[in-house]
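Chain residues, written in single-letter form:
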Amino acid sequence: MLERLGGAPSAPKLLLHSCCAPCSSHCLSVLAPLADVTVFYFNPNIYPQKEYEKRKSEQIRLINQAFPGVLFLDCDYDHSLFLAAAKGLEGEREGGARCAECFKLRLTATAKAAKAGGFDMFATTLTVSPHKNAPLINAIGSEAGALEGVEFLPSDFKKKNGYLHSIALSREFSLYRQNYCGCEFSLGNDNNK
């Protein structure tokens, strides 16, 4: 699918859900030359709000420093959306049912925003992390895209040293790298340190 994107002047409009600057760094290095990318920052899972603001600020800084031409679409911070999605799943293990609901919440919002904004397709940076289940994320994204009538770009951005490249770019741009996924339920989880 990446080969078919093509780049300017026929570049498709792609809405890229981003969880954070470090994860988006590699994804943008792959996608920005091939598509007209707008980063969509919708992460109601991040807790506390101060952490959310810090990650958002780093995302904006990375775009401004490294990816001119990439646009940024911010969403209001509403942690209650995540808490409603995670209700009853608070004690689930990291990577389990709570995470699946979190992915669904964020990718559904991205699909809706892509449709409303007239984007040709949407994608997510979530698959660059070795802690995230790419097949699950791709299944959720594909389903959200089918429901909204907008194409989802499946990915596994950690492959071909994508995760290592994101670490190198994080060092190059002195990006803040968090030590937990974002939600309060993973804050003390040993899998995220």
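So, a few notes on the structure that sits alongside this text.

The rules behind these values
- Residues numbered from 1 in each chain as written.
- Predicted model: local features only at pLDDT ≥ 70, side-chain atom pairs only at ≥ 80, totals over all residues.
- Heavy atoms only, no water.
- Buried < 20%, exposed > 50% of the residue type's maximum accessible area, 1.4 Å probe, protein only.
- Helix = DSSP H or I, 4+ residues; strand = E, 2+ residues; numbered from the N terminus.
- Pairing = 2+ DSSP bridges.
- Right-handed = clockwise from strand over helix to strand, strands pointing away.
- Core = buried A, V, L, I, M, F, W, Y, C linked by side-chain atoms within 4.5 Å.
- Contact = heavy atoms within 4.5 Å.

### Looking at the pairing of strand E2 (residues 36-41)
- E2 sits mainly inside the fold: five of its six residues count as buried.
- As judged from the five bridges shared by strand E1 (residues 13-17) and E2, these two strands associate in the parallel manner. Along E2, the bridge assignment pairs Leu 15 with Thr 38.
- Taken together, E1, helix H2 (residues 21-31) and E2 form a β-α-β motif whose crossover is right-handed.

### Describing the nonpolar core
- Judged by nonpolar contacts, the single largest core of 31 residues is most densely connected at Leu 14, Leu 16, Leu 28, Leu 31, Val 37 and Val 70.
- For this core, the elements supplying multiple residues, two or more each, are E1, H2, E2, helix H3 (49-66), helix H5 (97-116), strand E4 (121-124) and helix H6 (134-148).
- Here this core gets five residues from one element, more than from any other, and that element is H2.
- Residues within four places of Leu 16 in sequence aside, it is in contact with Cys 27, Leu 28, Leu 31, Val 37, Thr 38, Val 39, Phe 40, Ala 123, Thr 124 and Thr 125.
- Residues Phe 40, Cys 75, Phe 119 and Phe 152 belong to the second largest nonpolar core, which totals 13 residues.

### What to know about the environment of Pro 135
- Relative to the helices and strands, Pro 135 is located in helix H6.
- In this structure Pro 135 comes out as exposed when scored by relative accessible area, which is 62%.
- Placed 19 residues apart in sequence, Pro 135 and Pro 154 show a C-alpha to C-alpha distance of 8.7 Å.

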